[in-house]
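Structural overview
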Amino acid sequence: MKTVSLNRKKQTEKDAQRQVELRESGRVPNHIAIIMDGNGRWAKERGNMRVFGHQAGVDSVRDTVEACAQMGIPHLTLFAFSTENWMRPASEVNALMQLLIQSLRKETRKLVENDIKLVAVGQLERLPDKCHRELLEAIEITKDNKRLQVCLALSYSGRWDLAQAARKISEMVINGEVGPEDVNEELVQSLLTTNSIPDPDLLIRTGGEFRLSNFLLWQAAYSELYISKKYWPDFRRDELYKSIESYQKRERRFGKISEQLEKKDMRQVSAGV
Ligand code: IPE
Ligand code: IPE
Ligand code: MG
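Residues numbered from 1 in each chain as written. Chains lettered and ligands numbered in written order. Predicted model: local features only at pLDDT ≥ 70, side-chain atom pairs only at ≥ 80, totals over all residues. Heavy atoms only, no water.

1. Remarks on the pattern of salt bridges
Spelled out, the test is: What makes a salt bridge here is a side-chain nitrogen of Lys or Arg within 4 Å of a carboxyl oxygen of Asp or Glu, nothing more. Secondary structure elements are defined from DSSP: runs of H or I of at least 4 residues count as helices, runs of E of at least 2 residues count as strands, and each element is numbered from the N terminus. When accessible area is computed with a 1.4 Å probe and restricted to protein chains, residues below 20% of their type maximum are described as buried, those above 50% as exposed, and intermediate ones as partly exposed.
Within the structure shown, the criterion is met by 21 salt bridges. Close ionic contact of R18 with E245 constitutes a salt bridge, the shortest N to O distance being 3.0 Å. Linking R18 in helix α1 (residues 13–25) with E245 in helix α8 (residues 237–249), this pair joins segments that are 227 residues apart in sequence. One salt bridge connects R237 with E66, and the closest N-O pair in it is separated by 2.9 Å. Separated by 171 residues along the polypeptide, R237 in helix α8 and E66 in helix α3 (residues 50–71) bring together distant segments of the chain. The class for E66 is buried, based on a relative accessible area of 2%. When salt bridges with common partners are traced through the structure, they connect D37, R41, R205, E209 and R211 into a single cluster.

2. Some thoughts on the site of ligand 1
Rules: Consider each residue's heavy atoms; a residue with any of them within 4 Å of a molecule or strand counts as near. Here a polar contact is taken to be a pair of N or O atoms separated by no more than 3.5 Å, where protein atoms must pair a possible hydrogen donor with a possible acceptor and residues adjacent in sequence count only if both atoms sit in side chains. The protein chains shown are the only cover counted for residues, whose accessible areas, like all others here, come from Shrake-Rupley with a 1.4 Å probe. Here the nonpolar group is Ala, Val, Leu, Ile, Met, Phe, Trp, Tyr, Cys and Pro; Asp, Glu, Lys and Arg are the charged ones; every other residue, Gly included, is treated as polar.
Around ligand 1 sit 13 residues in total, of which D37, G40, R41, R50 and R88 are the nearest. A distance of 3.3 Å separates an oxygen atom of ligand 1 from a polar backbone atom of G38. The backbone of G40 places a nitrogen or oxygen atom 2.9 Å from an oxygen atom of ligand 1. If ligand 1 stood free it would expose 380 Å²; the protein chains cover 88% of that surface. Elements with a minimum of two residues in the shell around ligand 1: α2 (39–45), α3 and α4 (90–113). Broken down by element, the shell around ligand 1 gets its largest block of residues, 3 residues, from α2. Each residue belonging to the shell around ligand 1 can be placed in one class, and the counts come to 3 nonpolar, 5 polar and 5 charged.

3. With respect to the packing of α3 against α4
Put simply, the rule is: The axes are straight lines fitted to the C-alpha atoms, using for helices just the contacting stretch, and the angles between their N-to-C directions are given from 0 to 180°. By definition in this entry, angles of less than 35 degrees are roughly parallel, angles greater than 145 are roughly antiparallel, angles of 65 to 115 are roughly perpendicular, and the rest are oblique. In this scheme, a crossing is called left-handed if the near helix is turned counterclockwise away from the far one by less than a right angle; it is called right-handed if the turn is clockwise. Any two residues having at least one pair of non-hydrogen atoms within 4.5 Å are treated as being in contact.
The interhelical angle for the contact between α3 and α4, taken along N-to-C directions, is 25 degrees, at an axis separation of 10 Å. Between α3 and α4, the crossing angle belongs to the class labelled roughly parallel. The two elements α3 and α4 cross, and the hand of that crossing is right-handed. Side by side, α3 and α4 meet where R50, V51, H54, Q55, V58 and R62 of the first sit next to E92, A95, L96, L99, S103, K106, E107 and K110 of the second.

Following this line, the structure appears as structure tokens:
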């Protein structure tokens, strides 16, 4: 098996062993989604500008992507910038866009080397031209990679996603492609911008707050939630492993009762877990 290394450090034997133990101790999520929060507070506590926290958060992204790839988790979605984040001061928005450009330039080659595919969801056309171009380029370069798919939610919000699906449905009805009676969950799901990605099994939020902040509102209907007190720049694979351990202890009933569940839940079997 190809080794995965986005960091300069080599994976320790202890870490590899921890990953094996996690895989053996229960089901591992097929899709992990993360609300990467707490960068500003992390920087402020250190007497620094907020942007310093965003910069430090890049190391957490790298470590998380690497650990997911090593563990064979096929899907990771990262909430990097919300629709509402456009309302932040222009200096912070600009710094975040700059950071995105820099990171894409720096990391794309490593994504290719490690067989990692990059995709993005959100109102990408709102991104500054340069940023948009770099992003599309990285997506194109990594499009045939298979090991792990990393989805960046950028200029994304759950309400926007649902509203754009509703708009497409109205057009389909007007064009006579479907009737109102054909509008069901499957149709809505198929028109969300995340339609090629399974729903997240585990949704992590760092920074200690208990809210979704307009992330995957539809898709997270049955996600297991894990709130980490750690600020995103302090988040490393050890905390990821803790969240997976917590996930492994949950009973996912999807509305049923315990006695109805088979040892291995059918949804997880179909998700290939
Ligand atoms: C998350 O960290 C990053 C983005 C939203 C882009 P924040 O910038 O929200 O940091 P806090 O929550 O203010 O500490
Ligand atoms: C959520 O964090 C968005 C991202 C992490 C990209 P926010 O910091 O924007 O959320 P609120 O404002 O605390 O709800
Ligand atoms: Mg925040």
